[in-house]
Amino acid sequence: MLDTYTMAAKKWFKKKKYALRWYPSVWQGWLVLVVYILLIFQNILNVVKTSHSFGSSLTRSLVSILVLTVVLVVVCYLTGEKTEWSMGKNKKDMEIQSHDQKEGK
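Let us look at the structure shown here. Predicted model only: the values in this text are computed from it and were never measured. (Residues numbered from 1 in each chain as written. Predicted model: local features only at pLDDT ≥ 70, side-chain atom pairs only at ≥ 80, totals over all residues. Heavy atoms only, no water.)

Let's shift gears to the overall build of the protein. Each helix and strand counted, the protein has four helices and two strands in total. Secondary structure elements in the protein, listed N-terminal to C-terminal, are α-β-β-α-α-α. Scored against the burial criterion, the 105 residues of the protein give a buried share of 19%. Considering only contacts in the protein between residues 6 or more positions apart, those separated by 24 or more positions represent 53%. Within the structure as shown, the protein displays about 8600 Å² of accessible surface, and the carbon and sulfur contribution to it stands at 68%. (Helix = DSSP H or I, 4+ residues; strand = E, 2+ residues; numbered from the N terminus. Buried < 20%, exposed > 50% of the residue type's maximum accessible area, 1.4 Å probe, protein only. Contact = heavy atoms within 4.5 Å. Areas by Shrake-Rupley, 256 points an atom, 1.4 Å probe, with all protein chains shown as cover.)

Right, here's the structure in full:
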């Protein structure tokens, strides 16, 4: 039987080394990403089918995509590793480098 504590402790998304990004690490994360992509495609197909004027269709489409993207980011934030801006080095590496530069190494 599955241990609910272990399942709750698993992060659906892991943080990437550079910038503020996540990637799916377990099946729940992959499911969220696939559903997001399918909803984007459905949105595009609906716009193409019901398009009367380019401006109104584009506005509706962009608003829907923006809402879906915000929901995806919130899900990643809540179920993923905490992330912060980085350029590939963690804080410890940066502190060591900063200390070395001060000492002239």
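Scanning the entire structure with this criterion turns up zero aromatic pairs. One Lys or Arg, K82, reaches over the ring of Y77 and ends 4.4 Å from the middle of that ring. (Phe/Tyr/Trp six-rings, centres within 6.5 Å; stacked < 30°, edge-to-face > 60°. Lys NZ or Arg CZ within 6 Å of the ring centre and 35° of its normal.)

The next point concerns a nonpolar patch on the surface. Together, L66, V70, V74, Y77 and L78 line one region of the surface with nonpolar side chains, adding up to about 510 Å² of accessible area. Residue placement: L66 occurs in helix 3 (residues 54-79). For L66, a relative accessible area of 55% puts it in the exposed group. (Patch = residues over 30% accessible without salt bridge, like charges linked within 9 Å, V, L, I, M, F, W, Y side chains within 5 Å. Salt bridge = Lys/Arg side-chain N within 4 Å of Asp/Glu carboxyl O.)

Here we come to the nonpolar core. The biggest cluster of nonpolar side chains holds seven residues, and these are F13, W22, V32, Y36, I40, L72 and C76. When contributions to this core are tallied by element, the ones reaching two or more residues are helix 2 (27-50) and helix 3. A total of three residues in this core trace back to one element, the largest contributor, which is helix 2. Setting aside its immediate chain neighbours within four residues, Y36 contacts L68, T69 and L72. (Core = buried A, V, L, I, M, F, W, Y, C linked by side-chain atoms within 4.5 Å.)

Tracing the backbone shows N43 in helix 2. A residue is classified by how much of its surface remains accessible, and N43, at 12% relative accessible area, is buried. Put simply, N43 and R60 are 17 residues apart on the chain and 9.3 Å apart in space, counted from C-alpha to C-alpha. If we ignore the near neighbours within four places in the chain, the residues touching N43 are S61, S64 and I65.

The subject of this paragraph is helix 2. Within an α-helix, residues lying three or four positions from one another point in the same direction, as the helix has 3.6 residues per turn. Here helix 2 is 24 residues long and its end C-alpha atoms lie 34 Å apart, about the 34 Å a rise of 1.5 Å per residue gives. Turning to helix 2, its buried residues number three or more, namely Q28, G29, V32, Y36, I40, N43 and V47. (Expected span 1.5 Å × (residues − 1).)

Below, the discussion takes up the side chain of Q28. Tracing the sequence through the fold places Q28 in helix 2. Relative accessible area serves as the criterion here: at 15%, Q28 is assigned to the buried category. Engagement of the side chain of Q28 in a polar contact is seen with the side chain of W27, the distance being 3.4 Å. (Polar contact = N/O pair within 3.5 Å; in protein donor to acceptor, adjacent residues only side chain to side chain.)

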